[in-house]
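Read off the chains here:
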Amino acid sequence: MRVKLWGTRGSLATPGGDTMRYGGNTSCVEVRADDGTTIVLDAGTGLYRLSQALGPVERLDILLTHLHMDHIQGLGFFEPMFERGFDVHVWGPESSTLDLRGRLSRYLSPPLFPVRLRDFRCQLTLHDVMRLEGFRIGPLEISVAPVVHPGPTVGYRVREGSATLAYIPDHEPALGMDRLPEDPNWLSGWTLAADADLLIHDAQYTTEEYPEHVGWGHSSLEHVLEFATRARVKTLVPFHHDPGHSDAMLDAIFGHWLALRDLPFRIVPAMEGASFHLSSSPEQATATYL
Amino acid sequence: MIAPVRGRGIELILMRQLASCLAAPIVLCDPRGDLIYVNEPAEELLGLRVGESDTVSVHELADRLCVRDDTGERLSWDQLPNRLAASSGRAVQRRLLIRGSDGRERRLDATAFPLVSPVGENVGTVSIFWESTDEG
């Protein structure tokens, strides 16, 4: 399984000279199975660049964790949505009163956006995921579960053979707690992340910033390190960088924690364009940069 | 067949986090009625301690607390407020007499309500307690 990061920024796209290395596009991750089956995790502004590089695929599945703007804004600019007959499946959480179609239509309609959902020329199929525990797309086994974040929000666990990716880009497991619970059954997201080869996880805030943002649905890097330790992951990719954090600030934040902690996993901070290959062999996942 | 990955419902996890921050005595039960969380004020009020990973079955709970109605009549496990809330899908209020594991007799007002997920699944119940005054 190959994983490529097309958007790593949280909340707001932040193009500019001081965000070029970690990236300014919002959440979007391409996952390509060994047979070429392709899924996309979230449709932030990174999806626009992915559409330029997608190459020939017969079907595309876009898995949304939730419907905040930074996770769906790329949909209306994704070229395959406008290809007549192209097979696109969008998966995401419904609410207690609206299905995914109804919720997406809130954004994909005037005055927020000129194109309506029904105007896409592709063969579009929408899937509500809140009642699902898992589904299969080609060789990829997908598990889905709700996680702590305002509004209906899920994380995904993607398996191909023995290779496992966990994707929880917006997550606040420490909400209302002084420390994470000892019993993993009480830990939001644990079942998605447990023993994953690669965990892509929200790490928006510093320890100092977090108290001012409790309940906003995001984690401090310190919380994420604890979460990843509990989940026994092999590689952690801190993701969903705060729009106010420049490359220099992120270097300092990650450098501080890497110097302080002797961690039982590898940390590869999310950078736009980074790729990971997850082998089905028991070896640790490797990261290569394009 | 893809292995399900759900642990406790996110609604229960959030409710536990909220309950841990409140002064009101609160217990959480799973859909069967088994007790899975007791916050500190409830530990003190009920004289009941439950470890983070422990579960107390609804049968054991009724026995351990020697739960009675306000006339002193013993209540079976399926008459406890949490069970009634789970089975009826509505909030339930009852006055109870209990004997905590510390041996102290207590008269309580209990309100229990079901936690229903956005897709209509009953994921557990919340019970809130007040120690009753003689005036009621």
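Cut-offs and rules
- Residues numbered from 1 in each chain as written.
- Chains lettered and ligands numbered in written order.
- Predicted model: local features only at pLDDT ≥ 70, side-chain atom pairs only at ≥ 80, totals over all residues.
- Heavy atoms only, no water.
- Helix = DSSP H or I, 4+ residues; strand = E, 2+ residues; numbered from the N terminus.
- Rg over C-alpha atoms; globule rule 2.2 N^0.38 Å.
- Buried < 20%, exposed > 50% of the residue type's maximum accessible area, 1.4 Å probe, protein only.
- Contact = heavy atoms within 4.5 Å.
- Areas by Shrake-Rupley, 256 points an atom, 1.4 Å probe, with all protein chains shown as cover.
- Lys, Arg positive; Asp, Glu negative; His and termini not counted.
- Charge placed at Lys NZ, Arg CZ, Asp CG, Glu CD.
- Pairing = 2+ DSSP bridges.
- Axes fitted to C-alpha atoms, helices over the stretch in contact; angles between N-to-C directions.
- Salt bridge = Lys/Arg side-chain N within 4 Å of Asp/Glu carboxyl O.

A few words now on the overall build of chain B. Within chain B one finds four helices and six strands. Element order for chain B, N to C, with α for helix and β for strand: α-β-β-α-α-β-α-β-β-β. Against the compact-globule benchmark of 14 Å for 136 residues, chain B has a radius of gyration of 15 Å, which places it among compact chains. With respect to the three principal axes, the spread of C-alpha positions in chain B is 55 × 25 × 25 Å. Taking all 136 residues of chain B together, the buried fraction comes to 50%. Taking the contacts inside chain B whose residues are at least 6 apart along the sequence as the reference set, 42% of them involve residues at least 24 apart. As displayed, chain B has an accessible area near 6700 Å², and 49% of this comes from carbon and sulfur atoms. The centroid of the 16 positive side-chain charges in chain B is displaced by 2 Å from the centroid of its 21 negative side-chain charges.

Bringing the overall build of chain A into the picture now. Helix and strand counts for chain A stand at six helices and 15 strands. Over its C-alpha atoms chain A spans a radius of gyration of 18 Å, differing by no more than 12% from the 19 Å that the globule rule assigns to 290 residues. Over its C-alpha atoms, taken along the principal directions, chain A stretches across nearly 55 × 45 × 40 Å. A separation threshold of at least 6 residues defines the contact pool for chain A, and within that pool the share at least 24 residues apart is 67%. With an accessible surface of roughly 11400 Å², chain A has 52% of that area assigned to carbon and sulfur atoms. Computed over 24 positive and 37 negative side-chain charges, the separation of the two mean positions in chain A equals 5 Å.

What follows is about the sheet that holds strand 1 (residues 26–29) of chain B. All names here are of chain B. On the basis of which strands lie adjacent, the open sheet formed by six strands has the order 2-1-6-5-4-3 and antiparallel pairing. The open sheet has two free edges, formed respectively by strand 2 (35–38) and strand 3 (68–69), since each of these has just one partner strand. Summarising the sheet, strand 1 and strand 2 pair through three bridges and their orientation is antiparallel. The partner of V27 across the bridge, within strand 2, is V38. Where helix 1 (residues 10–19) meets the sheet, it contacts strand 1, strand 2, strand 5 (105–116) and strand 6 (122–131), and its direction lies at approximately 165 degrees from that of strand 1. The strands touched by helix 4 (residues 81–88) are strand 1, strand 4 (92–99), strand 5 and strand 6; relative to strand 4, the strand with the most contacts, the crossing angle is about 155 degrees.

Let us now look at the pattern of salt bridges. Counting across every chain of the model gives 18 salt bridges over all chains. Here E182 of chain A makes a salt bridge to R179 of chain A, at a shortest N to O gap of 3.7 Å. Accessibility classification places E182 of chain A together with R179 of chain A in one group, the exposed group. Where D63 of chain B meets R74 of chain B, a salt bridge forms, and the shortest distance between an N and an O atom there is 3.5 Å. A residue pair is termed long-range when its members are at least 10 positions apart, and D63 of chain B in helix 3 (residues 58–64) and R74 of chain B in the loop between strand 3 and helix 4 qualify at eleven residues. The class of D63 of chain B is exposed, set by a relative accessible area of 53%. You can call R74 of chain B partly exposed: its relative accessible area is 43%.

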